[in-house]
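So the chains spell out like this:
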Amino acid sequence: LFTCSTDPYSTNSAMSTNQNHPITVTIVVTAVSTALAMTIATRVYHSRYKKSEDDDDDEHAKLKAMIPPKSIFEFEEMAMKKLAPLSKRYFQYFSDQAVTATTCRTFYNSIRLLPSILQGDVSNIDTTLDIFGETLDIPVLIAPSACHALACAEGEVATARGAGAAGVGYCYNFSLSSRLYTDVVQEPGVKWLHMYMFEERDMVQAMIETALSCEDCFSAIILTCDHPHRRVQGRMMPYFMQAEYPFSDLNQPFFPNQAAAGSDKTTLKQLLDPLYMEQMLRDGGNAGGTNSYTLSWEDVRWIQTLVNGKDGKKRKKKIPIVAKGILSADDARKAMEVGVDAIVVSNHGGRQCDFAVPAIEALPVVAAAVQGKIPIFVDSGVRSSADIVRALCLGASGVMLGRPPLWALACEGSEGLERMLTVLKEDLKDDMRSLGVTSISQLGMKCLFPPDQERIAEIVSACGEKLT
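Residues numbered from 1 in each chain as written. Predicted model: local features only at pLDDT ≥ 70, side-chain atom pairs only at ≥ 80, totals over all residues. Heavy atoms only, no water.

Enquirer: In this structure, what is going on with the environment of Cys214? I would like to understand it.
Expert: With respect to the secondary-structure elements, Cys214 resides in the loop between helix H7 (201-212) and strand S6 (221-224). For Cys214, a relative accessible area of 16% puts it in the buried group. When the C-alpha positions of Cys214 and Tyr181 are compared, they lie 9.2 Å apart, and in sequence the two are 33 residues distant. Sequence-distant contacts of Cys214, defined by excluding residues within four places in its chain, comprise Tyr181 and Val185. (Helix = DSSP H or I, 4+ residues; strand = E, 2+ residues; numbered from the N terminus. Buried < 20%, exposed > 50% of the residue type's maximum accessible area, 1.4 Å probe, protein only. Contact = heavy atoms within 4.5 Å.)

This is the structure in structure tokens:
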């Protein structure tokens with residue numbers, strides 16, 4: 001603008017030097033005024049309106065913080081802000097690149113439901129599941145996991161209370177519980193006893209007998225079968241040794257149930273002593289039990305005999321045995337041959353073997369092999385009521401939740417867990433209403449989008465099985 005203006009004092013000016021040049025002055029004044037106005041407007045916007053937008057964002061964040069989390073994803077978001085570094089590290093541990101965990105969610109998200117409208121009265125929805133003589137309000141159990149005190153002070157006691165209040169089952173990790181079993185069983189609700197098949201058989205036997213001394217407290221025993229190595233222990237133990245613990249707990253057993261059973265009595269003080277731990281490992285010991293490199297179906301048979309006797313009549317009421325960690329049709333058939341009473345299709349939440357098949361993708365293959373002869377559960381990646389629906393459509397009797405309960409505990413203890421599970425139940429009912437079904441027994445492949453039905457049938461067929 002200034003370059004193009006005429007210089008009134010130039011002898012080369014096209015205009016006479018004896019004339020005034022109001023056009024040039026007007027252009028210059030207009031340009032300066034415009035620039036000044038834009039600067040003032042920008043400053044006013046940033047000082048008033050932009051500040052207002054920032055205030056709105058802050059207000060939104062405050063309002064969000066005031067509203068308790070409901071969905072599993074909301075609980076996860078809040079828990080990541082509340083959990084201590086060790087707790088977060090332990091709960092969020094994945095093997096290698098976490099591909100297995102990621103692909104579980106990817107496969108869930110690829111399965112599309114097919115709503116059915118105007119199906120009449122869907123006011124009464126039956127979400128209950130009868131399993132081993134017990135009834136769950138929804139087809140959900142809390143999967144076995146360790147050290148719940150890393151999520152909240154009450155630990156497994158809070159887990160049992162929240163699950164029981166919501167009508168959900170709880171697989172209690174007896175070996176690696178941070179709270180004594182006698183306190184946990186006081187809370188009402190359906191409970192399964194979870195056990196690892198450690199190398200130390202005398203330890204396993206002592207713990208099972210100790211747990212079952214509480215008559216009628218556990219309606220089944222669930223065995224982790226996909227843990228033939230010590231990767232998680234090796235990776236995570238150094239973090240436990242660096243953690244901060246209440247001084248009053250230093251002389252308490254790190255695993256109180258093992259101490260109660262007369263086996264491992266390692267205290268927190270010893271756990272935090274590098275010299276003690278180094279010597280223990282050099283002597284072949286391992287805090288909390290040693291995962292076996294020689295796991296076989298014979299270990300399952302041994303526990304069956306230990307619990308129910310060779311003829312299965314050791315007790316007035318037989319205790320069912322559940323095998324967790326099945327991902328193939330062959331392993332499912334073998335489990336049935338051995339005589340297990342239910343199986344869990346699981347890749348251990350992506351903690352054991354990365355690049356393993358997603359549990360939800362393996363589910364229809366396993367279901368085709370089982371053909372309804374025993375109940376099937378699935379875990380790894382379940383994050384919503386829609387995931388429960390899709391799992392049941394693919395042949396599951398129910399699902400297990402691993403990390404989500406820990407997130408709820410970290411946020412609000414047992415009350416948070418109860419609310420998360422209660423919301424899950426109501427969402428499940430609404431999903432079923434959208435599909436036009438009133439009972440979980442009515443969920444099946446017909447509730448899925450036809451192209452996805454075909455894709456799943458192809459997966460099952462490629463594995464040598466056939467959908468029933």
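Enquirer: Just to check I follow, could you spell out the sheet that holds strand S8 (residues 342-345) for this structure?
Expert: Spatial strand order, S3-S4-S5-S6-S7-S8-S9-S10: eight strands in a closed barrel with parallel pairing. Between one strand and the next, the sheet's axes are offset by a mean angle of 30°, whatever the strand orientation. Summarising the sheet, strand S4 (residues 169-173) and strand S5 (residues 191-196) pair through four bridges and their orientation is parallel. Among the inter-strand pairings, Cys171 is bridged to a residue of S5, identified as Trp192. (Pairing = 2+ DSSP bridges. Axes fitted to C-alpha atoms, helices over the stretch in contact; angles between N-to-C directions.)

Enquirer: What exactly am I supposed to notice about the environment of Thr159 here?
Expert: Mapping Thr159 onto the fold places it in helix H5 (residues 156-166). As a C-alpha pair, Thr159 and Gly413 span 254 residues in sequence and 7.8 Å in three-dimensional space. Beyond its immediate chain neighbours, meaning those up to four positions away, Thr159 contacts Ile142, His148, Tyr170, Leu409 and Leu417.

Enquirer: Is there a simple way to explain the packing of aromatic side chains in this structure?
Expert: Any pair of aromatic rings gets described here by the distance separating the centres and the angle formed by the planes. Under the definition given, this model contains eight aromatic pairs. Judged by centre distance (5.3 Å) and plane angle (50°), the ring pair of Phe174 and Tyr181 falls under tilted. In this pair, the class of Phe174 matches that of Tyr181, namely buried. Through a chain of ring-to-ring contacts, the aromatic side chains of Tyr170, Tyr172, Phe174, Tyr181 and Phe218 assemble into a single cluster. (Phe/Tyr/Trp six-rings, centres within 6.5 Å; stacked < 30°, edge-to-face > 60°.)

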